[in-house]
Amino acid sequence: MLKVTLAQLNYMVGDISGNIRRMREAATRAAAEQADLVVFSELSLCGYYPGDLLDEPSFLQRLDAGLQELLQTTRQFPDLHWVVGAPTRHDGPGKPLHNSLLVLKNGQIRLQYDKQLLPTYNIFDERRHFEPGADTAKVLRVGNCQVGFLVCEDGWNDQGADYATNPFVRMGDAAPDLVISINASPSHLGKREQRHEVFTQAAARHKLAILYINQIGGQDQIVFDGASFAVEPEAGLVFEARRFEEDVCTLELNAQGRFQACDGQTLPTVPAQGLATMEFYRQQIVLGLRDYARRCGFQQVVVGSSGGIDSALTLALAVDALGAENVVGITMPSSYSSAGSVDDSVLLCRNLGIRLYEHPIKELVTTYARQFEASFGEPLKGLALENLQARARGTTLMEFSNAFGHLLLTTGNKSEVSVGYCTLYGDTNGGLGLLGDLYKTEVFELSRHINQHAGRELIPQAIIDKPPSAELAPGQKDEDSLPPYAVLDEILKWHIEGQHLSSKEYAQAAAFVTRLRAEAGGPETIARVQKLVFRSEYKRRQAPPMLRVRPRAFGTGRQMPIAAHYE
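Just so you know, the residues in each chain are numbered from 1, in the order the chain's sequence is written. In view of the model being predicted, local features appear only for residues whose pLDDT reaches at least 70, and side-chain atom pairs are presented and counted only at 80 or more, with totals across whole chains, interfaces and linings using the full set of residues. Side-chain numbers come from the whole structure's heavy atoms, not from hydrogens or water.

**As for the sheet that holds strand 12 (residues 229–232)**
Next, step 1: Between any two strands, at least two bridges found by DSSP are needed for them to pair. Secondary structure is summarised from DSSP: a helix means a run of H or I of at least four residues, a strand means a run of E of at least two, and numbering begins at the N terminus for each. Taken in spatial order, the six strands make up an open sheet running 6-7-8-9-12-13, and their pairing is mixed. Each having just a single partner strand, strand 6 (139–142) and strand 13 (236–240) make up the two edges of the open sheet. Mean inter-strand twist for the sheet, computed between neighbouring axes without regard to direction, equals 25°.
Next, step 2: Sheet topology places strand 12 next to strand 13; four bridges connect them, and they run antiparallel. Residue pairing for strand 13: phenylalanine 229 is matched across the bridge by glutamate 240.
Next, step 3: Working rule for contacts: check all heavy atoms of both residues, and any pair within 4.5 Å makes them a contact. The axes used here are C-alpha line fits, helices contributing only the stretch in contact, and every angle between their N-to-C directions lies in the interval 0 to 180 degrees. Running over the sheet, helix 3 (residues 167–174) touches strand 6, strand 7 (145–151), strand 8 (178–182) and strand 9 (210–213) and is turned about 175° from strand 7.
Next, step 4: Relative to strand 12, helix 4 (residues 191–206) is tilted by about 35°, and along the sheet it contacts strand 8, strand 9, strand 12 and strand 13.

Spelled out as structure tokens, the structure:
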């Protein structure tokens, strides 16, 4: 019989002392429950992912000191094994570090296992800093049990499709009673189901009981959702920790190799269906914003409230994450703003309980345009005049941010960012984008869900119903410049995410594009959208970070050249 405490915690990159403090608190609880092991997630000592901090000598010195502090801390619980993730030094040719799992006990390192499979795809670039570990299984006897260890990606290649090495083969040969896999597995739509499928199949194939420990929290663009779990060879998924929350819980592996609660009770059944898509988006974005603001030293945020759906949803999510007292809206009407837009902003902010300032930009735009003509001999008109309005708003918002210390949230969605339907140094201003990985059709759907979740109309129905418009020219509508969003979004899913989509979503997008190709003007529409995506890369490169919710997001998840010839 073996008792294991899963410590699903929210670490901060670089806060080594703070991370150790959190680990000590979890270990105190584990010891109180007479656990044999307390298990933390991948790179828990420094947080995931430290990036090029790993190239800084001072950071490496702090890591060395942190490991010594952690070893001293383990002496407070002499009977408890600590399973932690940490960078360790690598001697010899190759990269100077390993991504390691360490088993600590009473001031000693009892086992070190170095991650073998280092991902370099999508948002990952671990081979930049780490050297792969040896192709061998590491097993440690704890009490009467043999325990094997893996680190994250090591468990994802059991089909042998991505790497020549499959650590599960060696682990299966070692035949431990339990495998512990420590992870820093970022969350996106469908990721929970992927994890369950991969590890349930591996458990059955190799006859192994597996504990999968993940972290939670937002780190820059990515969000970790926790949802640590346990699988058995025959029963499959038998336990899941809380999602989007810290969770410290103790499980027991009985003499028959089955998991049970630490008091010996049967574990509750894990529902196969996770969160509904819109609720997943809400929780992911809320946690991502909350941690981003906290870790960057912001307590309050400001949003330009246009009376449109994007700014309305951004404000609602910000209130959900930070509280109404920490969110400010600013409406900035111009000559082309409708009275309804201002009225809708007022009603929205009243519903949300936040303060709304009004800062008209008509005189700013007029004065700037007058001086432009006086200096350059040509009047501002067309696109230049439209963009001037967006830039006047962006400058106003940044002035407010500088003056009062609020984090400016940008409001662009994935549809608009994809095709460049945004103004650099205008509506792209900001420190973080909440909607940059949501297509416009999803923005509408999530707005309706927000109201449903609240049980009342937070986002006015008038905002949800009105045709989208930048209101930078008389009678302007988004669909004057773009295909209808229902069309645009399917093309973008097919073009940008492709096989990264779930099989169902990809089949739907591919079928839509196939039908569109057969329609009059369809091939031209597809080609135009693709061209807009290619030509807008320079805008995306300068945009603020955007919280990732889908399998392939802009930023590190999709790295494309700016200066290139695209067909």
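**Things to note about the environment of isoleucine 309**
Next, step 1: Topologically, isoleucine 309 is positioned in helix 6 (residues 309–322).
Next, step 2: Residues isoleucine 309 and glycine 555 lie 246 residues apart in sequence; the distance between their C-alpha atoms is 24 Å.
Next, step 3: In this structure isoleucine 309 touches Lys440, Val443, Phe444, Ser447, Ile459, Ile463 and Ile464, once residues within four positions along its chain are discounted.

**Section: the sheet that holds strand 4 (residues 97–105)**
Next, step 1: Pairing is mixed across the open sheet formed by seven strands, whose spatial order is 5-4-3-2-1-14-15. Edge strands, defined here as strands with exactly one partner in the open sheet, are strand 5 (108–114) and strand 15 (259–261). This sheet shows a mean twist of 35° between the axes of neighbouring strands, independent of strand direction.
Next, step 2: Both strand 4 and strand 5 contribute to a ladder of six bridges, which runs antiparallel. Note that in strand 5 the partner of valine 103 across the bridge is leucine 111.
Next, step 3: Sheet contacts for helix 2 (residues 57–74): strand 3 (81–89), strand 4 and strand 5; angle to strand 3, the most-contacted strand, approximately 160°.

**Comments concerning the side chain of histidine 81**
Next, step 1: The residue histidine 81 is located in strand 3 in this model.
Next, step 2: Among the polar contacts listed, one links the side chain of histidine 81 to the side chain of arginine 110, at a separation of 2.8 Å. Whenever a nitrogen or oxygen atom comes within 3.5 Å of another N or O atom, the pair is scored as a polar contact, on the condition that within protein one atom can donate a hydrogen and the other can accept it, and that pairs from neighbouring residues in sequence are kept only if both atoms are in side chains.

**Quick look at the UniProt feature "binding site: ATP" (unreviewed entry) in the protein**
Next, step 1: UniProt positions are given in the numbering used here, feature names are shortened, and annotations may be inferred rather than shown by experiment. Look at the UniProt record and you will see "binding site: ATP" (unreviewed entry) annotated at Gly304, Ser305, Ser306, Gly307, Gly308, Ile309, Asp310, Ser311 and Thr411. The greatest C-alpha distance among the annotated residues, which extend across 108 residues, is 11.9 Å, indicating that they converge on a single site.
Next, step 2: Within the fold, glycine 304 resides in strand 16 (residues 301–304).
Next, step 3: Excluding residues within four positions of it along the chain, glycine 304 makes contact with Ser311, Ile330, Met332 and Leu397.

**Structural notes on empty space enclosed by the protein**
Next, step 1: In the cavity and pocket records, a cavity denotes points on a 1 Å grid over the protein atoms alone where a 1.4 Å probe fits but cannot get out, a pocket denotes an open set with protein on both sides within 12 Å along at least 5 of 7 lines, and lining residues are residues with an atom within 4 Å of a point. Grid points are joined across faces, edges and corners, and a volume is the space filled by probe spheres set on the points. Enumeration over the complete set of coordinates arrives at one cavity of 30 Å³ or more.
Next, step 2: The volume enclosed by the largest cavity comes to roughly 140 Å³.
Next, step 3: Contributing to the lining of the largest cavity are 14 residues, with Thr410, Gly412, Val417, Thr428 and Ala543 lying nearest its centre.
Next, step 4: Those elements that place two or more of their residues in the lining of the largest cavity are helix 10 (414–419) and helix 16 (537–542).

**Things to note about the pattern of salt bridges**
Next, step 1: For this analysis, a salt bridge means a side-chain nitrogen from Lys or Arg found within 4 Å of a carboxyl oxygen belonging to Asp or Glu. Applying the stated criterion across every chain yields a total of 32 salt bridges.
Next, step 2: The partner of glutamate 246 in a salt bridge is arginine 22, and the shortest N-O contact between them spans 2.6 Å. Of this pair, glutamate 246 sits in the loop between strand 13 and strand 14 (247–253) while arginine 22 is found in helix 1 (residues 16–32), placing the two residues 224 residues apart along the sequence.
Next, step 3: Looking at glutamate 246, the relative accessible area reads 29%, which means it is partly exposed.
Next, step 4: Given a relative accessible area of 32%, arginine 22 falls into the partly exposed group. Here's how the labels work: a residue is buried when its accessible area is under 20% of the maximum for its type, exposed when over 50%, partly exposed in between, all with a 1.4 Å probe on protein chains only.

**Focus: the pairing of strand 11 (residues 222–225)**
Next, step 1: Residues Ile222 and Phe224 line one face of strand 11 and the alternating positions Val223 and Asp225 line the opposite face, and both faces are buried.
Next, step 2: Relative to strand 11, strand 10 (residues 216–219) is paired through four bridges, and the arrangement is antiparallel. Note on strand 11: the bridge partner recorded for glutamine 219 is isoleucine 222.
Next, step 3: Hairpin geometry of strand 10 and strand 11 is characterised by an intervening segment of two residues between the two adjacent antiparallel strands and by a positive phi of about 55° at aspartate 220.

**What to know about the packing of helix 14 (residues 503–517) against helix 15 (residues 522–535)**
Next, step 1: Two elements in contact, helix 14 and helix 15, have axes whose closest approach is 7 Å; the angle formed by their N-to-C orientations is 125°. Between helix 14 and helix 15, the angle is such that the two are oblique. Together, Val513, Leu516 and Arg517 of helix 14 and Gly522, Pro523 and Ile526 of helix 15 make up the contact between the two elements.
Next, step 2: Split by residue class, the contact of helix 14 with helix 15 holds four nonpolar, one polar and one charged. Put simply, angles under 35 degrees are roughly parallel, angles over 145 are roughly antiparallel, angles from 65 to 115 are roughly perpendicular, and the rest are oblique. In this classification, the charged set is Asp, Glu, Lys and Arg, the nonpolar set is Ala, Val, Leu, Ile, Met, Phe, Trp, Tyr, Cys and Pro, and all remaining amino acids, among them Gly, are polar.

**Examining helix 11 (residues 440–454)**
Next, step 1: Expected helix span is given by 1.5 Å per residue-to-residue step, counting one fewer step than there are residues. Here helix 11 spans 21 Å end to end across 15 residues, near enough to the 21 Å set by a 1.5 Å rise per residue.
Next, step 2: Of the residues making up helix 11, those classed as buried are Lys440, Glu442, Val443, Phe444, Leu446, Ser447, His449, Ile450 and Asn451.
Next, step 3: Packed against the buried residues of helix 11 are helix 5 (277–295), helix 6, helix 10, helix 12 (461–465) and helix 13 (485–497).
Next, step 4: Glycine 455, located one to two residues past helix 11, shows a positive phi value of around 75°.

**What to know about the environment of methionine 12**
Next, step 1: Note on placement: methionine 12 falls in the loop between strand 1 (2–8) and helix 1.
Next, step 2: For methionine 12, a relative accessible area of 27% translates into the label partly exposed.
Next, step 3: Taking the C-alpha atoms as reference points, methionine 12 and proline 544, 532 residues apart in sequence, are found 21 Å from one another.
Next, step 4: Aside from chain neighbours lying at most four places away, what touches methionine 12 is Asn19, Cys46, Gly47 and Arg295.

**Considerations on the nonpolar core**
Nonpolar side chains tend toward joint burial in soluble globular proteins.
Next, step 1: The criterion is simple. A nonpolar core is a set of buried Ala, Val, Leu, Ile, Met, Phe, Trp, Tyr and Cys residues joined through side-chain atoms within 4.5 Å. Counting 45 residues, the largest nonpolar core has Ile180, Leu211 and Phe259 as its most contacted members.
Next, step 2: Per-element accounting of this core gives the leading share, five residues, to strand 7.
Next, step 3: If we ignore the near neighbours within four places in the chain, the residues touching phenylalanine 259 are Leu178, Ala209, Ile210, Leu211, Ala230, Val231, Glu232, Val238, Leu251, Glu252, Leu253 and Leu267.
Next, step 4: Judged by nonpolar contacts, the second largest core, of 44 residues, contains Val301, Leu317, Leu322 and Leu458.

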